[in-house]
Amino acid sequence: MEYYWVFIKNGMYLVLSDEELGDGETLIRFPLEEDGFELVWDSAFTKDEAERYAREFYCARKFEAIPVPITLKDACAFINKHHRHHVAPQGHKFSLAIGDGQDVIGVAIAGRPVSRYQDDGTTLEITRCCVKTQYRNRHVCSQLYAAVRRIAKEMGYHRVITYTLESESGGSLKACGFHLKRISDGGSWNSRSRKRVDKHPVGEKKVWEMQISL
């Protein structure tokens, strides 16, 4: 039998199943508690029962991530701490953040395309999107991608692109209207003429694209 767990923070509740909580290295209970969520029940039989308990006994509302302002410096610090395989980029056009009312839980950084072949003046690249592991099933990535698209449209961009590892499904991107354009060969920035240390995976990557109707 699968049980449902109820966590409370700032008058908001999160309900997670045994499967969503994970186990071993994927266990997200303790990261949630480190973020200030309190476990108040760990054995509800159904999700509806768990949500009703949170509403009636704690007068809590369903967890909702909200936009918060952030500087490039703070966005980069967040990425360097939480991103699974990339360090922060050097610059940006703008940075966005999503929070839980107290702490930042995810950020996105958008800038000029890294590839000079994509940098046509009307294309914006999402160079980083990073969400804390314990919130990745809360649609936070989709919120960030959608927010970048809205801002890009207001700034007059015609297209938004981004890259993911070949092993990543891109579900959040598909949900926001991105489509898979191609698989890139990847590769290293290191060369005989200019020695560099790669700080990112150098394998194949998926290239995602969204056209913007102005």
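Predicted model only: the values in this text are computed from it and were never measured.

## So, the sheet that holds strand β9 (residues 159-165)
Okay, step 1: Overall, mixed pairing links the 7 strands, which are arranged β5-β6-β7-β8-β9-β11-β10 in an open sheet. Edge positions in the sheet fall to β5 (66-68) and β10 (179-184), since each has one partner strand and no second. On average, each strand axis in the sheet is tilted by 30° relative to the strand beside it, whichever way the strands run.
Okay, step 2: In this structure, β10 lies alongside strand β11 (residues 205-211), joined through 5 bridges in antiparallel fashion. Across the sheet, H179 pairs through a bridge with E209, a residue of β11.
Okay, step 3: Of the strands in this sheet, β6 (94-99), β7 (104-111) and β8 (123-131) touch helix α4 (residues 72-82), which is tilted by about 115° from β7.

## A few points about the packing of aromatic side chains
Remark: the centre distance and the inter-plane angle together describe each pair of aromatic rings, the angle taken between the planes.
Okay, step 1: On inspection of all chains with the given rule, the structure shows 8 aromatic pairs.
Okay, step 2: Judged by centre distance (6.4 Å) and plane angle (50°), the ring pair of F37 and Y135 falls under tilted. A residue pair is termed long-range when its members are at least 10 positions apart, and F37 in the loop between α2 (29-34) and β3 (38-44) and Y135 in the loop between β8 and α5 (140-154) qualify at 98 residues. Here F37 matches Y135 in class, with each residue buried.
Okay, step 3: Chaining the aromatic ring pairs together yields one cluster made of W41, Y53, F57 and Y58.

## Topic: helix α3 (residues 47-58)
Okay, step 1: The end-to-end C-alpha separation of α3 is 16 Å, in line with the 16 Å expected for 12 residues at 1.5 Å each.
Okay, step 2: A50, E51, Y53 and A54 are the residues of α3 that are buried. Down the axis of α3, the buried set is contained in an arc of 155°. They therefore lie on one face. Opposite the buried face of α3, by more than 90 degrees, sit the exposed residues D48 and E56.
Okay, step 3: On its buried side, α3 packs onto β1 (4-9), β2 (12-17), β3 and β4 (61-62).
Okay, step 4: Of the residues one or two after α3, C59 is the one with positive phi, at around 50°.

What counts, and at which threshold
Residues numbered from 1 in each chain as written. Predicted model: local features only at pLDDT ≥ 70, side-chain atom pairs only at ≥ 80, totals over all residues. Heavy atoms only, no water. Pairing = 2+ DSSP bridges. Helix = DSSP H or I, 4+ residues; strand = E, 2+ residues; numbered from the N terminus. Axes fitted to C-alpha atoms, helices over the stretch in contact; angles between N-to-C directions. Contact = heavy atoms within 4.5 Å. Phe/Tyr/Trp six-rings, centres within 6.5 Å; stacked < 30°, edge-to-face > 60°. Buried < 20%, exposed > 50% of the residue type's maximum accessible area, 1.4 Å probe, protein only. Expected span 1.5 Å × (residues − 1). Arc of directions from axis to C-beta.

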